[in-house]
Amino acid sequence: MKPKKIHLNLILFFLILLLGFHNTSAQSVSNNVHYKKAIHNLATLMPLNATAIKLLVGNQTYSHVTVLGISNEIKVLENSIEFIFKDAKNITTQTAKIYFNEILEEKIKPKQVTGSNDYGSPIIENHLKLGTISLVVTNEHSFLINNIARELKSIQTVLNEDRFKMDEFKETALAYQLLKEKPSITETQRKYIVQANAFTSIMDYEEAINSYIKVLEINSTAYPDAYFNLALLLGQNNRFYAAINFMEKYLLLVPNSAVIDKAKEKIVDWEIMLNN
Amino acid sequence: MNHFFNHYKIYILFLALLCCYDVSSQVGITNSGMTQEQERNQASKGFDNSSKSTSALKQLENMTGQTVTTYSSQRYNQSNVSKPSMSFDQQMNIMVTGMIAQSLLSSLFNSSSSVPRVQEVKTQTATLVGNSYLENLKIQQALITSKHFKMMNLYKTLSDEKQMKFKSIIDLSMQMNPYQTFEEAERQKLLKKGKSITWDFNNWAQHSNDQPTIEKSTFQRTKADEYLDEAINKIETLPGGVGRIPAVAGRFMVNIKDETMSYLNDAKDAAISGNTATMSEVGNADLGKRVNNAIYKTGVQTASAYYNQGKDMATGYFDDKMKEVNFGIVRDAGGVLLEKYKIYAPISDSWKVSIRKH
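Reading the values: the criteria
Counting of residues starts from 1 at the beginning of each chain's written sequence and follows it residue by residue. As they are written, the chains are lettered A onward and the ligands numbered 1 onward, keeping that order. Side-chain atom pairs in this predicted model are given and counted only at pLDDT of 80 or more, local residue features only at pLDDT of at least 70, and totals for whole chains, interfaces and linings cover all residues. Side-chain numbers here rest on the full set of heavy atoms in the structure, without hydrogens or water. Each helix is a run of H or I in the DSSP string that is no shorter than four residues. Each strand is a run of E no shorter than two, and both are numbered from the N terminus. Buried, partly exposed and exposed residues are distinguished by accessible area as a fraction of the type maximum, computed with a 1.4 Å probe on protein chains only: under 20%, between the cut-offs, and over 50%, respectively. Contacts are residue-level and defined by heavy atoms, with any inter-residue pair within 4.5 Å sufficient. Residue exposure ignores everything except the shown protein chains as possible cover, and the areas themselves are Shrake-Rupley values with a 1.4 Å probe. The working definition used for a salt bridge is a side-chain nitrogen of Lys or Arg within 4 Å of a carboxyl oxygen of Asp or Glu. Patches in this entry comprise residues that are over 30% relatively accessible and not in a salt bridge; like charges within 9 Å are linked, as are nonpolar side chains (Val, Leu, Ile, Met, Phe, Trp, Tyr) within 5 Å. One confidence number per residue, pLDDT, is output by the predictor and ranges from 0 to 100. Think of it this way: DSSP has to see at least two bridges between two strands before they count as a pair.

Novice: Any details on the overall build of chain A? Residues and values, ideally.
Specialist: Within chain A, the secondary structure is distributed over ten helices and eight strands. Here chain A, with 276 residues, has 43% of them falling under the buried criterion. At a minimum sequence separation of 6, the contacts of chain A that also span at least 24 residues come to 55%. Counting every atom, chain A has about 15,100 Å² of accessible surface; 55% of that belongs to carbon and sulfur.

Written out as structure tokens, the structure is:
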């Protein structure tokens, strides 16, 4: 038996696949009408145009990019899109997956990129960056990438709504406002707040975010300022969707806040950043 | 090798000077040997750029047909300083040659070979690229920092949190009265827990300003004390009133003794308690006020004695009820007078020494 030729790409792919791609709450939203419709549209659109979609894989900063090429088959599943690469014998050699819950913070917007082909002639491509994977189509297929982006955005919205549970929070905020005596923060919460502020001061925003999330997990209304700070920190890390949601939650909890104007301005800023 | 370079430099210098001469002749600084007529013809065509031409000034003169009078320093000083006669062309010649030679010399001595020059260029490029990268990095860092500080202007810290409740060192829920010391509060706490506390702090130090009552001695009066009281009363009632002053003196001495004993008793209790705060308070007590206590007590006791004696003497004049009222007025008036003339100081203010916070 001949040993299989292992490409560098293959190794890279399996590494990417191993790196924490996991199924999440997609099941809870699978019954959502918009979600279902978006999945259906993608399932119709992508497999048919599989030969027009090229794949690129890059690291987080996209400083190193590997061209994977055109996949042999595209499958749109309930929680992901699967790109299957096959050899001449029609045997699957590698698979790349884009999980929807991994692109919740992504700015889903196709970008026109000008480059050149092997002969040096200029070419225009349309790139859609989805996490570490980018979908690439030629300029003639720009409509395709725009449609894919639209459907993915729709999926992203539904998943984010489910993630932040805004409707539920509105009730929580109302109940909080009706309370005569507001809940006070616990010692554990105070510990996490102090930690978060310390991380912020040294610009370690990710750790600060984690600490504030722990504060909210203990009691979601004891320290409303946690929402405000979390929003600022997320905005700082370019996670604008989450930043907007946390700021909105803060405004629901403290509608008469002294920084209400600033909070609203921030939301507008982040919305612009998200859509441009 | 150095020897060779020295020769090489001299050779180049020589060549340079030679070239300069040649160059200066080519740009038309020297006279070309053209006739005046030929030059005039040439002048009609404008400035001459050819290799054989006159100076620019001469060409101008030729074109206009006029002579330009130049007030050169040479002419001004002609009468005073004798200088070698030199034409304008010659002067220009010397100047240009000098400049070229100088530049050549400086270039010769600045870089001795071409190899380091190439290296220098390469290093310069690398330095420039490095500098540019560092500059970009600095800009990026400055942007991040500026963004951070902008965020920190809005960022809410714990100190902003009005709902924060800090645990105070003293539990205010203990309902301390304004005169209760921390030790007393602690004592009360222990009593609530059923612990036995011998030191009653309020017995000697805690008095309200509203009740200027005399502090009771905490020691037990003996039979001897009672006999002494009876003796004083008898002396006071001696016929002719001769015993009244000795009786007052006697009462005063007894009261002084009581006050002293009371103080010693307090001191003993404070020492037994082991409480430094109470010991300190006893130590800081103003003993002068104890004497005032004794005077006050003596005054009140004397007034009471006169009242009792007078009441007995008044038998038959008033009925019992009237007698009680009238002599009561006299007794109370005695106390009022004592207070008015500040014969005593109210014990609550005097004995209560400054209670320090611990």
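Back to the text.
Novice: Can you tell me about the pattern of salt bridges, naming the residues and giving the values?
Specialist: All names here are of chain A. What the rule picks out here adds up to ten salt bridges over all chains. A salt bridge links Glu82 to Lys97; the nearest nitrogen and oxygen atoms lie 3.2 Å apart. One end of the pair, Glu82, is in strand E4 (residues 80-86); the other, Lys97, is in strand E5 (residues 92-99), with 15 residues separating them in the sequence. Side by side, Glu82 and Lys97 carry an identical accessibility label, which is buried.

Novice: Pulling in residues and values, what's your account of unusual backbone geometry?
Specialist: Residues and elements named next belong to chain A. Of note in this structure, Asn90 is not a glycine but carries a positive phi near 65°. Inspection of the secondary structure puts Asn90 in the loop between E4 and E5. The backbone of Lys165 sits at a positive phi, close to 45°, despite the residue not being glycine. Within the fold, Lys165 resides in the loop between helix H4 (142-164) and helix H5 (166-178).

Novice: Could you give me a rundown of a nonpolar patch on the surface, with the residues and numbers involved?
Specialist: All names here are of chain B. A cluster of nonpolar residues, Tyr133, Leu134 and Leu137, forms a patch on the protein surface that exposes about 320 Å² of accessible area. Locating Leu137 in the fold gives a position in helix H6 (residues 114-154). The exposure class assigned to Leu137 is partly exposed, which follows from its relative accessible area of 43%.

Novice: Can you tell me about the confidence of the model for chain A, naming the residues and giving the values?
Specialist: Across chain A, the average pLDDT comes to 85, with 89% of residues at 70 or higher. Every residue in residues 15-24 of chain A is under pLDDT 50, and counting partners more than four places away or in other chains gives 15 contacts.

Novice: Break down the pairing of strand E8 (residues 133-138) of chain A for me, citing the residues and quoting the values.
Specialist: Residue and element names in this part refer to chain A. Taking burial as the measure, the six residues of E8 include five buried ones, the bulk of the element. The sheet contact formed by strand E1 (residues 54-58) and E8 spans four bridges and is antiparallel. Paired with Leu55 across the strands is Leu135, a residue of E8. One ladder, built from six bridges, connects strand E7 (residues 122-130) with E8; its direction is antiparallel. Bridging across to E8, Lys129 finds its partner in Ser134. Between E7 and the antiparallel strand that follows it, E8, lie two residues; Gly131 among them carries a positive phi value of about 70°.

Novice: Explain the environment of A:Val76 to me, using residue names and the numbers behind them.
Specialist: Residue and element names in this part refer to chain A. Of note, Val76 is situated in strand E3 (residues 73-76). Separated by 37 residues in the primary sequence, Val76 and Ile39 place their C-alpha atoms 7.1 Å from one another. Beyond its immediate chain neighbours, meaning those up to four positions away, Val76 contacts Ile39, Leu42, Ala43, Met46 and Ile81.

Novice: Pulling in residues and values, what's your account of the side chain of B:Lys156?
Specialist: Within the secondary structure, B:Lys156 is located in the loop between H6 and helix H7 (182-192). What B:Lys156 contacts, discounting residues up to four positions off in sequence, is A:Asn197, A:Tyr212, A:Tyr223, A:Asp225, A:Phe228, A:Asn229, A:Tyr250 and A:Val259.

Novice: Tell me about the confidence of the model for chain B, residues and numbers included.
Specialist: Residues and elements named next belong to chain B. Chain-level pLDDT for chain B is 64 on average; 41% of the residues reach the 70-or-more range. Within the model, the stretch residues 344-358 combines pLDDT values under 50 with 45 contacts to residues more than four positions away or in other chains. In the predicted assembly, ipTM is 0.72 and pTM is 0.45.

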